[in-house]
Amino acid sequence: MTQKLSAKEKRTHRIRTGYNRNQTTWRRSKKKTSTPEYSGIDQDFLDILQQHTAGNPMNSSIRWTYLKPREIVSELLKKGYSVSRNIVRYLLKKHEYVKRKAQKNITMGGHPDRNAQFENITQLKQDYLDAGNPVISMDTKKKELLGTFYRNGSLYRQAAIQTNDHDFPSSATGSVIPHGFYDLKRNTGYITLGTSHDTSEFACDSLFQWWVNEGIIHYPKAKSLLILCDGGGSNSSRHYIFKEDLQKTANALGLEIRIAHYPPYTSKYNPTEVSQ
């Protein structure tokens, strides 16, 4: 009868017998992908892509193809090359065709005082933090429909979740409007869900709820509150009704509230956007 060895005994046996794991045939290893010995495959590959390639007329170095690896495999097979999708992916990378996402980096507009406002916001944040006063960022997110609708993400279940095949607003049982706050010092968030419309009254009510449930607890000695936000939407820098509702909120809380709006077309620098 063969005695079963423990893990420690197995390691000792390997050392004594000179066992080399790298020499076993069953060892799993990652093999480096290489191009098969086909002369001219690179040129034929580029010829295939040229027929299905678009680009930027202002920049010849920016090109993209709408062919998928399996489609390129089929095209190469017609030319006598029997290759796998891994080889095609290798060729794509070799010729600098890399899967990329679109990036929102093109500024649609500017403002002559853009840099000055950023410097002003930076100085205000530092002054408030040094004084022990809270600095928060606020923003309203996309309205979400309530009902049996498809949502991004996944979770562990024993059966698949069944949803409507179309997201028609008429099929919704309601909607929610997330209004978020981000505390820069404590690195925490707070969300209020509205069920009607994104108005200045809703924004100020959400601010009131944040202060009562979070702000006054963590900043009991605060004399002033700095809020960073975009220049549009329910907290617009041009709407007098927001300023009026904000003043009512400040009076109800007995707290000085200061608003610092980001310049136009710079909402992506709002800390709420960065930390969501």
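Residues numbered from 1 in each chain as written. Predicted model: local features only at pLDDT ≥ 70, side-chain atom pairs only at ≥ 80, totals over all residues. Heavy atoms only, no water.

Visitor: I would appreciate a short explanation of the overall build of the protein chain in the present structure.
Guide: Counting its secondary structure elements, the protein chain contains eight helices and eight strands. Residues classed as buried in the protein chain amount to 29% of the 276 residues present. Residue pairs at least 24 apart in sequence account for 67% of intrachain contacts in the protein chain once pairs closer than 6 positions are excluded. (Helix = DSSP H or I, 4+ residues; strand = E, 2+ residues; numbered from the N terminus. Buried < 20%, exposed > 50% of the residue type's maximum accessible area, 1.4 Å probe, protein only. Contact = heavy atoms within 4.5 Å.)

Visitor: I keep staring at the packing of aromatic side chains and nothing clicks. Help me out?
Guide: Between two aromatic rings, the relevant description is the distance of the centres plus the angle of the planes. Within the structure shown, the criterion is met by four aromatic pairs. Measuring from centroid to centroid gives 6.4 Å for Phe181 and Trp210, while their planes differ by 25 degrees, and the two rings are stacked. Separated by 29 residues along the polypeptide, Phe181 in strand E5 (residues 174–183) and Trp210 in helix H6 (residues 200–218) bring together distant segments of the chain. When sorted by exposure, Phe181 lands in the same class as Trp210, which is buried. (Phe/Tyr/Trp six-rings, centres within 6.5 Å; stacked < 30°, edge-to-face > 60°.)

Visitor: Quick question: what am I supposed to make of the pattern of salt bridges here?
Guide: Pairs may arise between side chains of opposite charge once their charged atoms sit close together. Under the criterion given, the structure shown has seven salt bridges. In this structure, Arg151 engages Glu144 in a salt bridge whose closest nitrogen and oxygen atoms are separated by 3.3 Å. Of the residues examined, Arg151 reaches a relative accessible area of 37% and is grouped as partly exposed. Judged by its relative accessible area of 32%, Glu144 is partly exposed. The network of salt bridges with shared partners includes Asp183, Arg186 and Glu214. (Salt bridge = Lys/Arg side-chain N within 4 Å of Asp/Glu carboxyl O.)

Visitor: Can you help me understand unusual backbone geometry in this one?
Guide: The phi torsion of most residues other than glycine is negative, and most of the peptide bonds are trans. Despite not being glycine, Asn187 shows a phi value in the positive range, around 55 degrees. Within the secondary structure, Asn187 is located in the loop between E5 and strand E6 (188–194). Overall, Asn187 belongs to the exposed group, its relative accessible area being 54%. Residues other than glycine seldom take positive phi values, yet Tyr265 does so here, at roughly 65 degrees. With respect to the helices, strands and loops of the structure, Tyr265 is situated in the loop between strand E8 (256–261) and helix H8 (271–275).

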